[in-house]
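As a plain string of letters, each chain reads:
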Amino acid sequence: MRTREDISMLTVIHQPRVAWDGARAFVRAAGSPHSEAFAARVLRRLGSETYGHFADTRQRLLTALVETGGDRYAADVEAGKWRVRLEDLLRNRPDLTDEIIGLTNEALEI
């Protein structure tokens, strides 16, 4: 039986918020000069499929930068894709929640 102390120590994770924060941070990291180092952390912590998506995002952002000179449209589209991708990942693999939160925090420090 849980005590009051046990209950007060529980943390509620709002997966849609984690996904949205992660999406914005991942796209920011993908467009930064430190994207390759961050990509290596994504590979190590979330696996090759997510790493591949991150590499694709980096490429699309670089292409959009060359073509438009920095229009935000590409970054906004990528953030939307990442929100859905991370929500799906969190739903199917809730054990990766801490990894996604950690990567989000690291991306915000870049």
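Definitions and cut-offs
Residues numbered from 1 in each chain as written. Predicted model: local features only at pLDDT ≥ 70, side-chain atom pairs only at ≥ 80, totals over all residues. Heavy atoms only, no water. Helix = DSSP H or I, 4+ residues; strand = E, 2+ residues; numbered from the N terminus. Buried < 20%, exposed > 50% of the residue type's maximum accessible area, 1.4 Å probe, protein only. Expected span 1.5 Å × (residues − 1). Contact = heavy atoms within 4.5 Å. Phe/Tyr/Trp six-rings, centres within 6.5 Å; stacked < 30°, edge-to-face > 60°. Lys NZ or Arg CZ within 6 Å of the ring centre and 35° of its normal. Core = buried A, V, L, I, M, F, W, Y, C linked by side-chain atoms within 4.5 Å.

**Q** Hey, could you go over the environment of Phe38 for me, with residue numbers and the actual values?
**A** Examined against the element boundaries, Phe38 turns out to sit in helix α3 (residues 35-46). For Phe38, a relative accessible area of 0% gives the class buried. Between the C-alpha atoms of Phe38 and Phe26, which are 12 residues apart in sequence, the distance is 8.8 Å.

**Q** Lay out helix α5 (residues 73-92) with the relevant residues and their values.
**A** Relative to the 28 Å expected for 20 residues at 1.5 Å per residue, α5 spans 29 Å between its end C-alpha atoms, a close match to the ideal helical length. Among the structural elements, α2 (15-30), α3, α4 (48-68) and α6 (97-109) are those in contact with the buried residues of α5.

**Q** I'd love a proper account of the side chain of Thr57, names of residues and values included.
**A** Relative to the elements of secondary structure, Thr57 occurs in helix α4. Under the relative-accessibility criterion, Thr57 is labelled buried at 0%.

**Q** Before we move on, can you summarise the packing of aromatic side chains with the specific residues and values?
**A** According to the stated counting rule, one finds 4 aromatic pairs in the structure shown. Ring geometry for Phe38 against Phe54: centres 5.4 Å apart, planes inclined by 55°, an arrangement best described as tilted. Remark: Phe54 occurs in helix α4 and Phe38 occurs in helix α3; sequence separation between them is 16 residues. A ring pair is formed by Phe54 and Trp82, whose centres lie 6.4 Å apart and whose planes are at 70°; its orientation type is edge-to-face. Pair noted here: Phe54 is in helix α4 and Trp82 is in helix α5, with a separation of 28 residues, a long-range link. The burial state of Phe54 is the same as that of Trp82; both residues are buried. Grouped by ring-pair contacts, the aromatic residues Phe26, Phe38, Phe54 and Trp82 constitute a single cluster. Sitting above the plane of the Trp82 ring, Arg85 keeps its charged end 4.5 Å from the centroid.

**Q** Could you give an account of the nonpolar core, naming the residues involved and the relevant values?
**A** Counting residues in hydrophobic clusters, the biggest one holds 26 residues, and the most contacted among them are Phe26, Phe38, Leu46, Phe54, Trp82, Leu86 and Ile100. A per-element tally of this core places α2 first, with 8 residues. Apart from the residues lying within four places of it in its own chain, the contact partners of Trp82 are Ala23, Phe26, Val27, Thr50, His53, Phe54 and Thr57.

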